[in-house]
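Notes for the structure review
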Amino acid sequence: MDTREKLEKMDRAIRMLEDLKNSQVAMVEKSSKLQMDAMEFNFSEMEKNMGNLFSTFNESLDIINTELERFEIKRNKFEMKHGLDKEEGLD
């Protein structure tokens, strides 16, 4: 795999991480909403379980955000190191 192909594969990985992040944000929002609904309806078991899910989803979101930031830095360094940040044909 040449450097251009590797960079393209890195870009695909970033898009997948961003998609995963968006999905996780939705899970955080939905579990929070369900927890609030359970509080309103006085369903204590559901309230507790949705609170636990919220915490788990939120922790996962933190992990995804950390990995996305780290990988973007690594990708950008790779791009600069190999001169792929310059437009082709303008050297």
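Use the structure listed above.
Residues numbered from 1 in each chain as written. Predicted model: local features only at pLDDT ≥ 70, side-chain atom pairs only at ≥ 80, totals over all residues. Heavy atoms only, no water.

This brings us to the side chain of Ser 31. Along the chain, Ser 31 falls in helix 1 (residues 3–41). In terms of polar contacts, Ser 31 uses its side chain to reach the backbone carbonyl oxygen of Val 28, at 3.1 Å. For Ser 31, the residues in contact, after removing those within four places along its chain, are Met 50, Leu 53, Phe 54 and Phe 57. (Helix = DSSP H or I, 4+ residues; strand = E, 2+ residues; numbered from the N terminus. Polar contact = N/O pair within 3.5 Å; in protein donor to acceptor, adjacent residues only side chain to side chain. Contact = heavy atoms within 4.5 Å.)

Attention now goes to the pattern of salt bridges. Taken as a whole and assessed by the stated rule, the structure comprises five salt bridges. With its nearest N and O atoms 2.1 Å apart, the salt bridge here joins Glu 67 to Arg 70. With Glu 67 and Arg 70 both in helix 2 (residues 44–81) and three residues apart, the pair spans about one turn of that helix. Residue class for Glu 67 comes out partly exposed when judged on its relative accessible area of 34%. The network of salt bridges with common partners includes Asp 11, Arg 75 and Glu 79. (Salt bridge = Lys/Arg side-chain N within 4 Å of Asp/Glu carboxyl O. Buried < 20%, exposed > 50% of the residue type's maximum accessible area, 1.4 Å probe, protein only.)

Attention now goes to the packing of aromatic side chains. One pass over the full model with this rule turns up one aromatic pair. On the numbers, 6.0 Å between centres and 40° between planes, the contact of Phe 41 with Phe 43 is tilted. (Phe/Tyr/Trp six-rings, centres within 6.5 Å; stacked < 30°, edge-to-face > 60°.)

Topologically, Asp 85 is positioned in the segment after helix 2. The exposure class of Asp 85 is partly exposed, given its relative accessible area of 40%. Expressed as a C-alpha distance, the spacing of Asp 85 and Lys 33, which sit 52 residues apart in the sequence, is 43 Å. The residues contacting Asp 85, other than those within four sequence positions of it, are Glu 79 and Met 80.

Turning to a nonpolar patch on the surface, a few remarks are in order. A contiguous nonpolar patch, built from Leu 34, Phe 41, Phe 43 and Met 46 and spanning about 370 Å² of accessible area, is present on the exposed surface. Its location among the elements puts Phe 43 in the loop between helix 1 and helix 2. Of the residues examined, Phe 43 reaches a relative accessible area of 46% and is grouped as partly exposed. (Patch = residues over 30% accessible without salt bridge, like charges linked within 9 Å, V, L, I, M, F, W, Y side chains within 5 Å. Areas by Shrake-Rupley, 256 points an atom, 1.4 Å probe, with all protein chains shown as cover.)

A few words now on helix 1. Look at helix 1: 57 Å from first C-alpha to last across 39 residues, which is about the 57 Å you get at 1.5 Å a residue. Of the residues making up helix 1, those classed as buried are Leu 7, Met 10, Ile 14, Leu 17, Gln 24, Val 28, Ser 31, Asp 37 and Ala 38. In this fold, the buried residues of helix 1 make contact with helix 2. N-cap assignment for helix 1: the residue whose side-chain oxygen lies 3.2 Å from the backbone N of Arg 4 is Asp 2. One or two residues past the end of helix 1 sits Asn 42, with phi positive at roughly 60°. (Expected span 1.5 Å × (residues − 1).)

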